[in-house]
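What the coordinates show
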2 protein chains.
Amino acid sequence: MSMDSVCPHNNTFHCGDCRMNALCLPLALQTKEVERLDEIIQRGKPLQKDHHIYHAGEEFDSVFAVRSGSIKSYTISNSGQEQVTGFHLPGEIFGMDGIGQNRYTNSAVAMETSSVCEIPFNRLQELSIAIPTLQRHFFQLMSLEITGDQQLLSLLSKNTAEERVATLLMSISNRNFRLKLSATRFRLPMSRADIGNYLGLTVETVSRVLSRFQKQALLKVDKKEVELLNLDKLRELAN
Amino acid sequence: MSMDSVCPHNNTFHCGDCRMNALCLPLALQTKEVERLDEIIQRGKPLQKDHHIYHAGEEFDSVFAVRSGSIKSYTISNSGQEQVTGFHLPGEIFGMDGIGQNRYTNSAVAMETSSVCEIPFNRLQELSIAIPTLQRHFFQLMSLEITGDQQLLSLLSKNTAEERVATLLMSISNRNFRLKLSATRFRLPMSRADIGNYLGLTVETVSRVLSRFQKQALLKVDKKEVELLNLDKLRELAN
DNA sequence: CGGCATATTGAACCTGGTCAAGCGGAGTGG
DNA sequence: CCACTCCGCTTGACCAGGTTCAATATGCCG
């Protein structure tokens, strides 16, 4: 049976067979070790659009890996407004914000029909002691999350609306490429409001920037479908 | 000998005696375990103002704890401009951004005469396997760094100049309180330029906001010396 | 004392926000 | 099946907070 013929929402997979394997698992893991990891992971979990995986404030017990679809993380600031903190595509891990205080500080919601793998953190910690590579891998994942947030900080504090939107587009393009999907034609899983919220802009500004990009023939947008026409220029804007 | 009479730059201390103890060590550590941790930590390291602890791009091998003074972390964005990513006060850990890629992504520099403890990360990882509490503690520290950065994201993308400056002031006030220093009178260790850079504002705006706060009798500023006069109003602005 | 970095203040400008109107597709009910 | 509404998106006109540019303190270190 060809892997590519399998429905991505199929939940009978084991990690060893999963096509996301190379992305969410530490590369240097032995087959035996993968099996042990496999035992603690709860696979499947198909989710409808708008269904929450967890809410901010709930007790933390697991981190999650996206299998298919896309997930949005967001917090409610103390002034009561939503702040989108991340978009998670297949092969990416989310939920690590909960470790510090033993409760999630973000909420996580499916932006479309999705499926995620749940990884109980206690068991993961135990296993990390037996498999040092795994401990190292998780330290690395968390560190990458830190540096990612810091790049975003820099983007928000120093860059124009056009640069911010271009950066997000290039980020999604690159992540699609990693997933062996098209880097130039794809569907944005999130709304304009989510994009704006994430980038510190209003819906109107996001819309205007996209229109401007289209006029300059940098891309074509139709609703959520995007085709990037001038990667060089977009990359330059994203810098 | 009273601990408070000891010079804070003294480098003959052991972790068990260090007054920062309660802040940078996992709380539930046994005395025996503290001793083992103590063995791997290189204490002391007195630093002059403007001396770098590491530069972005250098190979990562240690994280650091501030013993005294204050440290600034910053990155150079690919467009070549500096982005301040954090200010570190006594008892706080920095350098965890380096774990992900095995090289530091930030540079770290002393903003005044300071001293830091160096914690070799390899040895820390080994020790984490023997002391699960320690592993847990480091996962928590990193997670807190993530949530901290995310709060900052929200601040930069949603709040006005006044709210940003008030938030920074309250943050420093709270951290001083934790250090058993005055929460209302203190010296800002960083320049206006650093504040502005960190908060996504220009020097001029920072200066104007501080002047405005002073006119409204929320605080008194004289150069780097600050006295907070109306904590309630400032806290409200910081929300 | 002189020179250079840091901070403050003022005036003009501009990017992105706000407010408002209109479009178009999806879902609903008569 | 069509009319109606709701919601997400786009576009325009105006406004404002913060940047930019410039001039002037203030202070530090040789």
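The rules behind each value
- Residues numbered from 1 in each chain as written.
- Chains lettered and ligands numbered in written order.
- Predicted model: local features only at pLDDT ≥ 70, side-chain atom pairs only at ≥ 80, totals over all residues.
- Heavy atoms only, no water.
- Helix = DSSP H or I, 4+ residues; strand = E, 2+ residues; numbered from the N terminus.
- Buried < 20%, exposed > 50% of the residue type's maximum accessible area, 1.4 Å probe, protein only.
- Contact = heavy atoms within 4.5 Å.
- Areas by Shrake-Rupley, 256 points an atom, 1.4 Å probe, with all protein chains shown as cover.
- Least-squares fit on C-alpha atoms with pLDDT ≥ 70 in both.
- Near = heavy atom within 4 Å.
- Polar contact = N/O pair within 3.5 Å; in protein donor to acceptor, adjacent residues only side chain to side chain.
- Salt bridge = Lys/Arg side-chain N within 4 Å of Asp/Glu carboxyl O.
- Axes fitted to C-alpha atoms, helices over the stretch in contact; angles between N-to-C directions.
- Parallel < 35°, antiparallel > 145°, perpendicular 65-115°, else oblique.
- Left-handed = near helix turned anticlockwise from the far one by under 90°.
- Nonpolar A, V, L, I, M, F, W, Y, C, P; charged D, E, K, R; others polar.

So, on to the overall build of chain A. Regarding its fold elements, chain A presents 8 helices and 11 strands. Within chain A, buried positions represent 55% of all 239 residues. Within chain A, residue pairs in contact and separated by at least 24 positions form 72% of the contacts whose partners lie at least 6 positions apart. Roughly 11000 Å² of accessible area belongs to chain A as shown, and the carbon and sulfur atoms make up 49% of that amount.

What follows is about the relation of the copies chain A and chain B. When chain A is fitted to chain B, the best match, at an RMSD of 0.0 Å, comes from turning it 180 degrees and sliding it 0.0 Å along the axis. One copy is carried onto the other by what is essentially a two-fold rotation axis. Here 98% of the contact residues of chain A are again contact residues in chain B; the copies associate through an equivalent surface.

Taken together, 16 residues lie near DNA strand C, and A161 and T205 of chain A together with R192, R208 and S211 of chain B sit nearest. The protein-proximal atoms of DNA strand C, defined as those within 4 Å of the protein, are 61% sugar or phosphate. Separating a phosphate oxygen of DNA strand C from a backbone N or O atom of G200 of chain A is a distance of 3.5 Å. Take R208 of chain A: an N or O atom from its side chain is 2.9 Å from a base oxygen of DNA strand C.

Between side chains of opposite charge, a pair can form as their charged atoms come close. Within the structure shown, the criterion is met by 12 salt bridges over all chains. Between K72 of chain A and D194 of chain A there is a salt bridge, with the nearest N and O atoms lying 3.0 Å from each other. Note that K72 of chain A is positioned in strand β4 (residues 71-76) and D194 of chain A in helix α6 (residues 192-199), a separation of 122 residues in sequence. Each member of the pair K72 of chain A and D194 of chain A is classed as buried. Between D232 of chain B and R235 of chain B there is a salt bridge whose closest N-O contact spans 3.3 Å. One end of the pair is D232 of chain B and the other is R235 of chain B, both in helix α8 (residues 231-238) and 3 residues apart, which spans about a single turn. Residues joined by salt bridges that share partners form a network here, namely K72, E82 and D194 of chain A.

Let us look at the packing of helix α4 (residues 132-158) of chain A against helix α3 (residues 121-130) of chain B. At a minimum axis distance of 11 Å, the contact between α4 of chain A and α3 of chain B shows a crossing angle of 125 degrees. If you check the angle between α4 of chain A and α3 of chain B, you find them oblique. Where α4 of chain A crosses over α3 of chain B, the handedness of that crossing is right-handed. Across the interface between the two elements, P132, Q135, R136 and F139 of chain A of α4 of chain A pack against F121, Q125, S128 and I129 of chain B of α3 of chain B.

What follows is about the protein's contact with DNA strand D. Within the structure, DNA strand D sits among 16 residues, and R192, S207 and S211 of chain A together with A161 and T205 of chain B are positioned closest to it. Among atoms of DNA strand D positioned within 4 Å of the protein, sugar and phosphate together represent 62%. Taking A161 of chain B, its main chain carries an N or O atom lying 2.6 Å from a phosphate oxygen of DNA strand D. Here a phosphate oxygen of DNA strand D and a side-chain polar atom of T202 of chain B are 3.1 Å apart. Mapped onto the surface near DNA strand D, the elements with two or more residues apiece are α6 and α7 (203-215) of chain A together with α7 (203-215) of chain B. Taken together, the residues of the surface near DNA strand D break down into 3 nonpolar, 7 polar and 6 charged.

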